[in-house]
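Spelled out, the chains give:
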Amino acid sequence: MTDQLTLPLPAPPETDPDLLVPARMVNEWAYCPRLAYLEWVEGAWAANADTEEGKRAHARVDAGRGTLPPPEEADSAPPFEVRSIELASDRLGLVAKMDVIEGEDGVVTPIDFKKGKRPHVEGGAYEPERVQLCVQALVLEDNGYRVGEGFLWFAGSRERVPVVFDEELRARTREAASGLRLAAAARRVPPPLDNSRKCARCSLLPICLPDEVNLFRSGGAPRTPPPAADSALPLYVQQPGARVGKKGDLLVISIENEPDREVPVGEVSELVLAGPVSLSTPALHALVKEEIPIAWMSSGFWFIATTGARGPRSAHAREGQYAARADAFRRLLFARDLVRAKLRNQRTIMRRNWRGNEAEREHATETLKRLADRATKAAGLPELLGVEGEGAAVYFRALPALFTDRVATLPTFSFERRSRRPPADPVNACLSLCYALLTRTCATALEIAGLDPWAGLYHADRPGRPALALDFMEPLRPILADSTVLTALNNGELAPADFITAGPGCNLTAGGRRTLIRAFERRLDQEASHPTFGYQISMRRMLHVQARLFARHLLGEIDSYPHYCPR
C-alpha cells in the first residue's frame with residue numbers, strides 16, 4: 001500500500017489573546033500530544049509529586065525581578081538579568097513565560113528552570129524541554145530581539161546546559177506548535193500513547209485512561225492503574241443544627257452540648273451535609289480551594305446539589321453530552337445498553353445471594369436473561385420502560401429469597417414490593433437511603449469528569465432530578481446499593497430498633513443511618529476484578545473510571561460505553 005503524501009500545514013496567526021498557546025503546552029505536545037490536548041483544550045489537570053516539585057523549583061524565579069528593555073534599546077543597555085517575563089506573538093499564536101532572560105551587547109539569552117538532574121542524552125536535554133526553550137527564542141525574535149543560544153538550568157544537579165537554536169530544532173518547534181493549535185481548533189483529540197513508559201508517572205493517567213481507551217481502539221490488555229493519590233474519605237454531617245467551621249487546616253464540627261470534632265481537610269474527599277447543617281464561609285473557601293466537593297442533601301438524604309467538584313476547566317465534555325441528548329437514535333442505543341446492563345446485574349445479584357427454592361431461582365434468572373435480550377431490540381423508549389418495569393417486578397418479588405432465614409422470619413423485615421416517597425417498610429427505607437447515597441456519589445463522579453449530572457439521556461428531565469446521574473447509576477444499583485442493604489441486614493448490622501414508622505412511611509433512626517452509611521462506604525472500598533479490563537479496582541475508583549469512559553464515549557472517542565457488569 002502506497003503511503004499517503006502529507007504537507008505541513010502551519011496554523012494561522014491568532015488575534016484572540018485568550019487562545020495564544022503557552023510554551024509549556026508546546027513542551028507537552030512534543031512529549032505527548034494527548035497530554036497537551038487534555039490540559040489545554042479540555043482543561044484537565046491533576047497534581048502529583050512531579051508537578052509539586054516543579055513548583056518548588058520555580059518559586060524563586062516566579063517572584064520576578066528587573067525590567068526587560070525594549071528591543072531598540074537592547075544594544076545600548078548594560079548587561080542585564082530579568083526574571084519571570086511574559087511575551088506573546090500573535091503571528092506565531094504563542095505566549096511564553098520566561099524564567100530568566102540575560103542580555104549583553106544586544107543579544108538576549110533565555111534560561112528555563114527545570115526540576116531534577118540533567119539527563120545524559122544527545123543534545124544535553126530531552127526534546128520537549130529544548131522545544132519549550134525554542135518557543136521562548138521564537139517569541140523573543142518575533143518581538144524584535146536578537147537571540148543567541150539558550151540554557152536549561154537543572155535544579156537537581158545545579159547544571160546549566162546550552163541549547164543551540166538550529167534550523168532542525170526551530171522546524172520541530174514550529175511543527176509542534178502548529179499541531180497543537182490545529183488540533184485545538186478542530187477539537188480533534190490525539191490518540192493515547194500505546195504501552196508507553198511515559199504514562200506510569202503522568203499525573204493525568206486516571207483522566208486520560210490510555211490503556212482503557214486503546215482497548216476499544218486496537219485491543220490489548222490494560223495495565224493496572226496506579227493507586228489513588230490519597231486515602232481521603234467522605235465526611236458525613238447529619239445532626240440537625242450542626243455547624244462545620246475551620247481552624248487552621250482542620251474542619252471543626254460543632255454540635256450543641258457535645259465536644260467539637262476535628263478532621264484534617266486533607267483527609268476529606270467529599271463533605272456531605274444532610275438537612276439543616278451550616279457551613280462557615282472560611283470552611284467553604286478552604287474546601288473549594290482544595291477542590292473537595294460539597295454535597296448538599298435533605299434531611300431524608302435526597303440529593304440537592306454539589307459545590308466545588310473537581311471538573312475540567314472547559315465545557316468540552318458537556319458539549320458532547322448535549323449533542324448526544326439532541327440525537328434521538330443515540331439516546332435509544334444508549335438506553336438499550338443501560339437497561340440490558342441493569343437487568344444483567346440484577347440477575348448477577350440474584351444468582352450470588354439466592355437462598356430460596358432452586359426452581360424459583362431458575363425461573364427468575366431466566367426471565368431476567370430473556371428481558372435483557374429483549375431490551376437490545378426495543379423499538380423506542382416506551383417499550384424499553386416496559387421491559388425495565390417488568391424486570392423490576394421480577395427482581396423485587398424475588399428479593400426476600402436473598403435474605404438469611406433470621407432476617408426473612410422477622411416480621412419487621414418483611415418485604416412485598418418496592419415502595420418510595422415514603423418507603424413503606426424497613427427494607428424499602430434502606431433501599432431508598434442507599435439509592436440516595438449512590439445518586440450523590442455518581443453525580444459527583446460525573447461532575448469531576450466534566451459532565452452535567454442534570455441532563456440525562458434516558459431519564460426524563462424533571463426539576464430537582466439529576467437525570468444523568470440516574471442514568472449512570474441505574475446498572476449499578478444492584479451491584480452497589482442493593483448489595484449493601486443485603487449485607488447490612490444479613491450480617492445483623494441493622495435491628496428493628498433502628499427504624500421509625502410514622503403513618504404510611506418508615507425511616508431509619510440517626511444511628512441506623514450511620515450504620516448503613518458505614519456499610520455503603522465499606523462497599524465502595526471493596527475491590528473486584530473489572531469485567532472489561534481485568535485489573536483489581538475498588539468500587540470507589542471504578543465509579544470514576546466509568547465516568548471518564550462515559551465522557552470519552554460522549555465525545556466520540558470510543559464507540560460504545562462499557563457498562564460495569566461483573567459475572
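Quantities reported herein were computed from a predicted structural model and do not represent experimental measurements.

**Examining the overall build of the protein chain**
Here comes step 1: Across its full length, the protein chain holds 18 helices and 19 strands.
Here comes step 2: Once the C-alpha set of the protein chain is aligned to its principal axes, its extents read approximately 95 × 70 × 40 Å.
Here comes step 3: Residues counted as buried form 52% of the 567 residues belonging to the protein chain.
Here comes step 4: Put simply, the protein chain has 72 plus and 73 minus side-chain charges, and the middle of one group is 7 Å from the middle of the other.

**Some words on the sheet that holds strand β9 (residues 243-247)**
Here comes step 1: A sheet is described by the order of its strands in space; here four strands give the open sequence β11-β10-β9-β13, paired in mixed fashion. Each having just a single partner strand, β11 (261-264) and β13 (278-279) make up the two edges of the open sheet.
Here comes step 2: Sheet topology note: the strand β10 (residues 250-254)/β11 ladder contains four bridges and is antiparallel. Pairing of Val 252 across the sheet is with Glu 262, part of β11.
Here comes step 3: Of the strands in this sheet, β9, β10 and β13 touch helix α8 (residues 281-289), which is tilted by about 70° from β9.

**Here we look at the sheet that holds strand β8 (residues 233-237)**
Here comes step 1: With mixed pairing, the four strands of this open sheet are ordered in space as β8-β12-β14-β15. Edge positions in the sheet fall to β8 and β15 (303-307), since each of these pairs with one other strand and no more. Across the sheet, the mean angle from the axis of one strand to that of its neighbour is 20°, orientation sign disregarded.
Here comes step 2: For β8 and strand β12 (residues 268-274), the ladder comprises five bridges, and the chain directions are parallel. Of the residues in β12, the one forming a bridge with Val 237 is Leu 273.

**Comments concerning the confidence of the model for the protein chain**
Here comes step 1: With 93% of its residues at a pLDDT of 70 or more, the protein chain has an overall mean of 87.
Here comes step 2: Mean pLDDT values for the elements of the protein chain range from 51 in helix α3 (residues 49-62) up to 95 in helix α15 (residues 467-473).

**A few points about the nonpolar core**
Here comes step 1: Judged by nonpolar contacts, the single largest core of 93 residues is most densely connected at Leu 399, Phe 472, Leu 480 and Phe 550.
Here comes step 2: The dominant element in this core, judged by the number of residues it contributes, is helix α14 (residues 426-448), at 14 residues.
Here comes step 3: Core analysis: the second largest hydrophobic core is formed by 43 residues, Ile 85, Leu 87, Val 147 and Ala 184 among them.

**Comments concerning the environment of Met 297**
Here comes step 1: By the element assignment, Met 297 lies in strand β14 (residues 294-297).
Here comes step 2: When the C-alpha positions of Met 297 and Leu 468 are compared, they lie 18 Å apart, and in sequence the two are 171 residues distant.
Here comes step 3: Not counting the four nearest positions on each side in its chain, Met 297 is found in contact with Val 272, Leu 273, Ala 274, Gly 275, Trp 302, Phe 303, Ile 304, Ala 436 and Arg 440.

**Examining the packing of α14 against helix α16 (residues 477-490)**
Here comes step 1: Running from N to C, α14 and α16 cross one another at 140°; their axes reach a closest spacing of 9 Å. With respect to each other, α14 and α16 are oriented oblique. Seen along the crossing, α14 lies across α16 with a hand that is right-handed. Listed contacts from α16 to Val 427, Cys 430, Leu 431, Cys 434, Tyr 435 and Leu 438 of α14 are Arg 477, Leu 480, Ala 481, Asp 482, Thr 484, Val 485 and Leu 489.

**Describing the pattern of salt bridges**
Here comes step 1: One pass over the full model with this rule turns up 30 salt bridges.
Here comes step 2: A salt bridge links Glu 258 to Arg 261; the nearest nitrogen and oxygen atoms lie 3.0 Å apart.
Here comes step 3: For Glu 258, a relative accessible area of 34% gives the class partly exposed.
Here comes step 4: Looking at Arg 261, the relative accessible area reads 44%, which means it is partly exposed.

**What to know about the environment of Arg 24**
Here comes step 1: Tracing the chain through its elements places Arg 24 in helix α1 (residues 23-31).
Here comes step 2: Judged by its relative accessible area of 40%, Arg 24 falls in the partly exposed class.
Here comes step 3: The sequence separation of Arg 24 and Leu 133 amounts to 109 residues, and the corresponding C-alpha distance is 9.2 Å.
Here comes step 4: Sequence-distant contacts of Arg 24, defined by excluding residues within four places in its chain, comprise Glu 39, Trp 45 and Gln 132.

**Focus on α14**
Here comes step 1: End to end, α14 covers 33 Å across 23 residues, agreeing with the expected 33 Å (1.5 Å per residue, within 8%).
Here comes step 2: Where α14 starts, the residue carrying a side-chain oxygen 3.2 Å from the main-chain nitrogen of Val 427 turns out to be Asp 425.

**Focus: the packing of aromatic side chains**
Here comes step 1: Counted under the stated rule, the structure contains 10 aromatic pairs.
Here comes step 2: Within the aromatic cluster, the residues linked to one another by ring pairs are Phe 334, Phe 472, Phe 550 and Tyr 561.
Here comes step 3: The ring of Tyr 31 has Lys 198 lying over it, and the distance from NZ or CZ to the ring centre is 4.6 Å.
Here comes step 4: One cation-aromatic arrangement involves Arg 477 over Tyr 435; the distance from NZ or CZ to the ring centre is 4.6 Å.

Each value, and the rule that gives it
- One numbering rule holds for all chains: residues counted from 1, following each sequence as written.
- For this predicted model, a pLDDT threshold of at least 70 governs which residues receive local features, and a threshold of 80 or more governs which side-chain atom pairs are given and counted, while totals over whole chains, interfaces and linings are taken from all residues.
- Hydrogens and water molecules were not included; the side-chain quantities draw on all heavy atoms of the structure.
- Under the scheme used here, helices are H or I runs from DSSP no shorter than 4 residues and strands are E runs no shorter than 2 residues, and both carry numbers assigned from the N terminus.
- Whether a residue is buried, partly exposed or exposed follows from its accessible area with a 1.4 Å probe, protein chains only, as a fraction of its type maximum: under 20%, in between, or over 50%, in that order.
- In this charge count, Lys and Arg are treated as positive and Asp and Glu as negative; neither His nor the chain ends contribute.
- To locate a charge, take NZ of a lysine, CZ of an arginine, CG of an aspartate or CD of a glutamate.
- DSSP bridges decide pairing: two strands pair if at least two such bridges lie between them.
- We call two residues contacting when some pair of their heavy atoms lies within 4.5 Å.
- Between N-to-C directions, angles cover 0 to 180 degrees, with each direction set by a line fitted to C-alpha atoms, over the stretch in contact for helices.
- Confidence of the predictor in every single residue is expressed as pLDDT, which spans 0 to 100.
- As used in this record, nonpolar core signifies buried Ala, Val, Leu, Ile, Met, Phe, Trp, Tyr and Cys residues forming a set joined through side-chain atoms within 4.5 Å.
- Angle categories are assigned with fixed cut-offs, so that under 35 degrees is roughly parallel, over 145 is roughly antiparallel, 65 to 115 is roughly perpendicular, and the rest are oblique.
- If you view the pair so one helix is near and one far, a crossing is left-handed when the near helix is turned anticlockwise from the far one by less than a right angle, and right-handed when it is turned clockwise.
- Salt bridges are counted wherever a side-chain nitrogen of Lys or Arg sits within 4 Å of a carboxyl oxygen of Asp or Glu.
- The span expected for a helix works out to 1.5 Å for each residue beyond the first.
- Any N or O atom pair separated by 3.5 Å or less is treated as a polar contact, with the protein-specific requirement of one donor-capable and one acceptor-capable atom, and with residues adjacent in sequence counted only for side-chain atom pairs.
- Centres within 6.5 Å are what make two rings of Phe, Tyr or Trp a pair, Trp counting through its six-membered ring; a difference in plane orientation under 30 degrees is then read as stacked, over 60 as edge-to-face, and the rest as tilted.
- A ring is considered to have a charge above it if a Lys NZ or an Arg CZ atom is located within 6 Å of its centre and within 35 degrees of its normal.

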